[in-house]
Amino acid sequence: MKNSGTRWGVGVALLLFIMIFLPLLAVLLNAILPGLFFGNIQFQGFGLLGEIFHRPLWRQSLLNSVWLGIGTALLGTLIGASLAMVRARWNFASGRLLDAGVWLLLIAPSFMLAQGWVLYAGADGLASRLLGMNWVTAALFQPSGLMVIMALSKFPLAYLTVLAATEWNVSQYGHAARLNGAHLWTVWRTVELPLAAPSIVAGATLVFIDTVGDFGLPAALSTVYRFPTLTYSIYSAIYQSPVRFDMAGVLAFYLVVLLAIAMTVLLLSLRRSRFDFLNARAVRILKVRPKSTLLLNGVTIVFLMLSIGIPVGSSLCVSLMKKAGNGLVWPNLTLEHYFSLFAGTSTDHKQLSFFEGMIHSLTIAAIAAGISIVIGFIVAYVLTFTEFKMKGWLQLFSIISLAVPGIVMGIGYIFVWNQKWLETFNLHLYGSPSLLVIAVIAGVIPYAVRVQLGSFGTISSSILNAAAVQGAGTLARMLHIVLPLVRRSLLLAVLTAFGTSVFDLALTSMLQPANYVLMPLVIDQAFEFGRYGYATAATVLSGGMVLLIIVLIQFAGEAIFKWSDRRDRNRTNIQERHVHTVQQGGSPYEINS
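In this numbering scheme, every chain counts its residues from 1 along its sequence in written order. pLDDT decides what is reported in this predicted model: residues at 70 or higher carry local features, side-chain atom pairs at 80 or more are listed and counted, and totals for whole chains, interfaces and linings draw on all residues regardless. Note that water and hydrogens are dropped before the side-chain values are worked out from all heavy atoms of the structure.

Q: How would you sum up the overall build of the protein? Please name residues and give values.
A: Looking only at helices and strands, the protein has 26 helices and 0 strands in total. Relative to the globule expectation of 25 Å for 593 residues, the C-alpha radius of gyration of the protein, 27 Å, shows essentially globular dimensions. For every residue, the accessible area obtained with a 1.4 Å probe (protein chains only) is divided by the maximum for its type, and the residue is called buried under 20%, exposed over 50%, and partly exposed between those limits. By residue count, 47% of the 593 residues in the protein fall in the buried class. Contact between two residues is taken to exist if any of their heavy atoms lie within 4.5 Å; hydrogens are not considered. In the protein, of all internal contacts separated by at least 6 residues, the share reaching a separation of at least 24 is 77%. All accessible areas in this document rest on Shrake-Rupley with a 1.4 Å probe, and a residue is counted as covered only by the protein chains that are shown. Accessible area of the protein: about 29300 Å², with a carbon and sulfur share of 65%. In this charge count, Lys and Arg are treated as positive and Asp and Glu as negative; neither His nor the chain ends contribute. Charge positions come from single atoms, namely NZ of Lys, CZ of Arg, CG of Asp or CD of Glu. One finds the centroid of the 38 positive side-chain charges in the protein at a distance of 8 Å from the centroid of its 22 negative side-chain charges. The helix count covers DSSP runs of H or I at least four residues long, the strand count covers runs of E at least two residues long, and both are numbered beginning at the N terminus. Throughout, the radius of gyration refers to the C-alpha atoms, and the reference size of a globule is 2.2 Å times the residue count to the power 0.38.

Right under this line is the structure:
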């Protein structure tokens, strides 16, 4: 069993190294040795890395990313932590609505939310045309305004992190402090805040990582406001003429450095976390009804309208209008934008085919979800049930792509898979849909592993040991013992991987095969050329279709599980009756008949 587990562990570790760690390593090496992956090694020392401080665009991209990341982390954490502390203590009607809104913002593609904000706050946007709020454009399209937009989109990361840490009752420490004469403020400052501080730091770090690596906001803003960030400058370096791989490599290097610093802070905050209050007597906080319930519900609903209603509502409104500036009046309402999605193949390069893009994106997402679940299942099995010595590395490989932005993964894939010598082995994958599938798999591996690890932890290893003693191999134990027990989490992992794969704008922008239409590019290109009606209709319809597919698959999966359970119960009953009849000396056919 030990040797078999090692073989499986080595296999998946090698696979994840090639898919996830090698592209990241290529980005770092290319910054020091430009041309390494194109047959022209030119070691120029570390001088190229210092160029970022002498070239205005490079320097400004770095400063903008740092400034936006820090500001969003502070504001987003303030919002998320405050809401989480309120939600953990009090029971109010709009609390569940807040939870649902948080998850909606967490899974919604950032470029779709950013486009909604541009439609609302642009110079000809809904705010100025319909509401007469001309000041909104100047207020939001400047660095501080962008922080507000990003904080309203990224605060769920801080909310969930702090909520998980504050839902446990630690009032015994507060009561002890109060008995010693401490004031309520002193109790909060010296007892509750230090216990929650690591989770607050962790939440702020996650918001910073997600903001610095975000590609959706700068891509959407590029149509109305110039605000270069590292991610967008990397994309521009690849798709300008001549192609600047050296520039992309250096900017990607600094992006990785920023994320490495943030990950270090995150790990340090987790190490300083205290869990000794989570003992056998630990209980969750009993939520009480606040005195000002009406005020709390009102504030929550207004906040949700601000963070979700504006971006989503703006896209929905524009998709139903003939002209955005004419308002929501009956003569201005139309469905022509939705009909235009099915008008067939267009020769207009500004308007890509919706149907073709949807088919391609759904196909790639389905293939990537299926393969990633198989890999994630094996990784979770090795981490949970084997004595594989390289579990630490396997853990690192399985989670690192969660922190690495898609734009960095994309350029890493170009470096690795765009080499002439690979043509000899038919492995020159750059420019083919296969490479996009592999990259998408690498991006969803963390979800596939993490979702399954939780259910694997509930399975006793003694069951597997007993099966091994009876001669069952590793594959048999996976298929006949573990798989039936974790099938529901497997279904959830499939749906999560599928849902997060369809609208990955960063990877599709970097690795798009020639003349191969994909859904994120259909929306982004129409938006970039001012076809707002087409872009928003595609956003609403494709988002609805993906949501419908996920719901249908979940219902179908649950129905199959119930049917399988009934069949197994019937089979077990028949076998028990058969055994009982044989023990009583009768014929089994008497019972079956």
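Q: Which residues make up the pattern of salt bridges, and what values go with them?
A: Any Lys or Arg side-chain nitrogen found within 4 Å of a carboxyl oxygen on Asp or Glu counts as a salt bridge. According to the stated counting rule, one finds 7 salt bridges in the structure shown. A salt bridge links lysine 154 to aspartate 214; the nearest nitrogen and oxygen atoms lie 3.2 Å apart. Here aspartate 214 lies in the loop between helix 10 (184–212) and helix 11 (216–221) and lysine 154 lies in helix 8 (residues 143–166), a separation of 60 residues in the sequence. The buried category is assigned to lysine 154, whose relative accessible area is 7%. Note that glutamate 558 and arginine 488 form a salt bridge whose closest N and O atoms lie 3.3 Å from each other. One end of the pair, glutamate 558, is in helix 25 (residues 532–583); the other, arginine 488, is in helix 22 (residues 487–501), with 70 residues separating them in the sequence. What makes arginine 488 partly exposed here is its relative accessible area of 38%. Taken together, the salt bridges that share partners define one network made up of Lys154, Asp210 and Asp214.

Q: Give a detailed account of the nonpolar core, specifying residues and quantitative values.
A: We call a set of buried Ala, Val, Leu, Ile, Met, Phe, Trp, Tyr and Cys residues a nonpolar core when their side-chain atoms join them within 4.5 Å. Counting 169 residues, the largest nonpolar core has Leu394, Val408, Ile411, Tyr413, Val482 and Leu511 as its most contacted members. With 17 residues, the top contributor of residues to this core is helix 16 (residues 354–385). Setting aside anything within four residues of it in sequence, one finds leucine 394 in contact with Val12, Ala13, Leu16, Val379, Val382, Leu383 and Phe388.

Q: So what's going on with the side chain of serine 315? Which residues, and what values?
A: Mapped onto the elements of the fold, serine 315 is located in helix 14 (residues 293–319). Looking at serine 315, the relative accessible area reads 7%, which means it is buried. Counting of polar contacts relies on pairs of N or O atoms within 3.5 Å, with two restrictions inside protein: one atom must be capable of donating a hydrogen and the other of accepting it, and residues adjacent in sequence are counted only when both atoms are side-chain atoms. Of the polar contacts made by the side chain of serine 315, one reaches the backbone oxygen of proline 311; its length is 3.3 Å. Contacts of serine 315, omitting those with residues within four sequence positions, involve Met112, Gly116, Leu119, Thr536 and Val540.

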